[in-house]
Structure formats: structure tokens, C-alpha cells
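Observations on the model geometry
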Amino acid sequence: MSFPGAGLAKGLAVTLRTMTRKSVTAQYPEVQPVLPPRSRGVIALLEENCTVCMLCARECPDWCIYIDSHKETLPAADPNARARTRNVLDRFAIDFSLCMYCGICIEVCPFDALFWSPEFEYAETDILELTHERDKLREWMWTVPAPPALDPAAEEPKEIATARKAADKLVAAAVKAAEAAEAAEAAGTEGDAE
């Protein structure tokens, strides 16, 4: 059985214990916080890898990615070949007032043009200024940390193992064909000598 006011006594004990401890306050503007390696700050753009496939804009659940492009015709390198067309990026902007930082755009990008940057100091006084264009997204690209090193004890990916087996089979077939050709040539020279 507990006596009346036991809960109050426990609460006051916790309060008194907390009051006697020294508080630790991080002086944020002067002292930058230590962020975990995979922290999500803002989305950075590597413009050279962007092919304007629009997958990131289509898959974004908030529709906060704005992409504009135009087609450009490249002359054919060979006179018998036809001219090629390619998309040229005109505008790539992300409205961070709408973004919910889900990372779907980064996951679906097939050409590794989008990355998480640990930058988090991009607040603005006006919400309309939270739409950042490609030049600002490019600046954040240089703050993206390098990927972690591969684990040497990790299992080899299936794609690489399959490709290696196929390459080994081709090499074995080429060696076998070369040995057969040498044997046929040796047999042919023996027949000529008789």
C-alpha cells in the first residue's frame, strides 16, 4: 500500500534531482552542432548528372520540384548519321516551404543528380524566398559528405558476381578456342612435314 501523496513526493524528488545537476546548453550560433553522418538537411543538385527525366518531379508527393527545359539538336559526328536531340536544363528549383524531406526524389533519381546535404541553415524571413533555384542547390552540393567506404567483408553484389561468371565463361571459351586452333595448326604442320 502507498501512502497518500506518494506520487507528489516522487515528482518532487525528480524535480530536486534535476535542479541540482549542472545544465548543459549548446550555444548554437557560436558552436555548431555535431550532426550524424546521414542527417537530412537540404537537397543538393549535381547539375551535370541531371538529364531532365522529370522522375523526381513526378514522384514528389508534395509537388515542390519545378523543372523547365528545352530540347537542343546536336549535329551528327558522322556525315551518314542523324542529328541527336537532348534535353537542356533551364530551371531546377525546390520549394522548401512545401518539401517534407521524405527523400523520394533522391531515391528515384536514376543518374545520381540529387543528394542529401547536411546544411540546415537556410531559413528566410519571407516564406516566398524558400524556393531555392539551381545555383543555390549547386552550392549545397559541395557540402555533401563522401559516401562511406565499402565493407571489405561484405558479400559481392549479385550483378557483379553474374557479370564476373559470364566474363569467366567467355575467357574460358576463348582459351579453349585458341588451344583448339593451336592443336589444328600443329596437326596441319605435322601433315605437311610427312
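The notes below deal with the structure included here. This one's a predicted model, so the numbers in the text were calculated from it and none came from an experiment.

About the cut-offs
- Residues numbered from 1 in each chain as written.
- Predicted model: local features only at pLDDT ≥ 70, side-chain atom pairs only at ≥ 80, totals over all residues.
- Heavy atoms only, no water.
- Core = buried A, V, L, I, M, F, W, Y, C linked by side-chain atoms within 4.5 Å.
- Buried < 20%, exposed > 50% of the residue type's maximum accessible area, 1.4 Å probe, protein only.
- Contact = heavy atoms within 4.5 Å.
- 1 Å grid on protein atoms, 1.4 Å probe; cavity = no way out; pocket = protein on both sides within 12 Å on 5 of 7 lines; lining within 4 Å.
- Points joined across faces, edges and corners; volume = space filled by probe spheres on them.
- Nonpolar A, V, L, I, M, F, W, Y, C, P; charged D, E, K, R; others polar.
- Pairing = 2+ DSSP bridges.
- Helix = DSSP H or I, 4+ residues; strand = E, 2+ residues; numbered from the N terminus.
- Phe/Tyr/Trp six-rings, centres within 6.5 Å; stacked < 30°, edge-to-face > 60°.
- Salt bridge = Lys/Arg side-chain N within 4 Å of Asp/Glu carboxyl O.

1. Remarks on the nonpolar core
As a rule of thumb, nonpolar side chains are buried together in soluble globular proteins. If you look at the biggest cluster of nonpolar residues, it comprises 29 residues, and the most contacted ones within it are I43, I65, I67, F92, I94, F96 and L114. Not counting chain neighbours up to four residues away, the residues in contact with F96 comprise V42, I43, Y101, Y122, L130, H132, L137 and W140.

2. Brief notes about empty space enclosed by the protein
All chains considered together, the criterion is met by two cavities of 30 Å³ or more. Quantified by volume, the largest cavity comes out at close to 90 Å³. Around the largest cavity, the lining is made up of 15 residues, and of these C50, V52, C53, C56 and C109 lie nearest the centre. Tallied by class, residues from the lining of the largest cavity come to 14 nonpolar, one polar and no charged. In this model, the second largest cavity occupies a volume close to 70 Å³. Taken together, 14 residues make up the lining of the second largest cavity; nearest its centre are C60, C64, C99, C102 and C105.

3. Some remarks on the sheet that holds strand β2 (residues 65-74)
The strand order across the open sheet formed by three strands is β2-β3-β5, and the pairing between neighbours is antiparallel. Each end of this open sheet is capped by a strand with a single partner; those strands are β2 and β5 (131-132). As judged from the two bridges shared by strand β3 (residues 84-95) and β5, these two strands associate in the antiparallel manner. Counted as the bridge partner of I94 is H132 from β5.

4. Some points on the packing of aromatic side chains
Enumeration over the complete set of coordinates arrives at six aromatic pairs. Both rings, one in Y28 and one in F120, keep their centres 6.1 Å apart while their planes meet at 45 degrees; by these two values the pair is tilted. In this pair, Y28 is assigned in the loop between α1 (6-20) and β1 (42-45) and F120 in the loop between β4 (114-117) and β5, connecting sequence segments 92 residues apart. With a relative accessible area of 33%, F120 lands in the partly exposed category.

5. Regarding the side chain of H132
On the secondary structure map, H132 appears in strand β5. Residue H132 is classed as buried on the basis of its relative accessible area of 7%. For H132, the residues in contact, after removing those within four places along its chain, are F92, A93, I94, F96, Y122, E124, L137 and W140.

6. Comments concerning the pattern of salt bridges
In this structure the tally under the stated criterion is six salt bridges. Between R86 and E72 there is a salt bridge whose closest N-O contact spans 3.2 Å. Of the two residues, R86 sits in strand β3 while E72 sits in strand β2, which places them 14 residues apart along the sequence. For E72, a relative accessible area of 30% gives the class partly exposed. R91 is paired through a salt bridge with E133; the nearest N and O atoms lie 3.0 Å apart.

These figures come from the coordinates and say nothing about function on their own.
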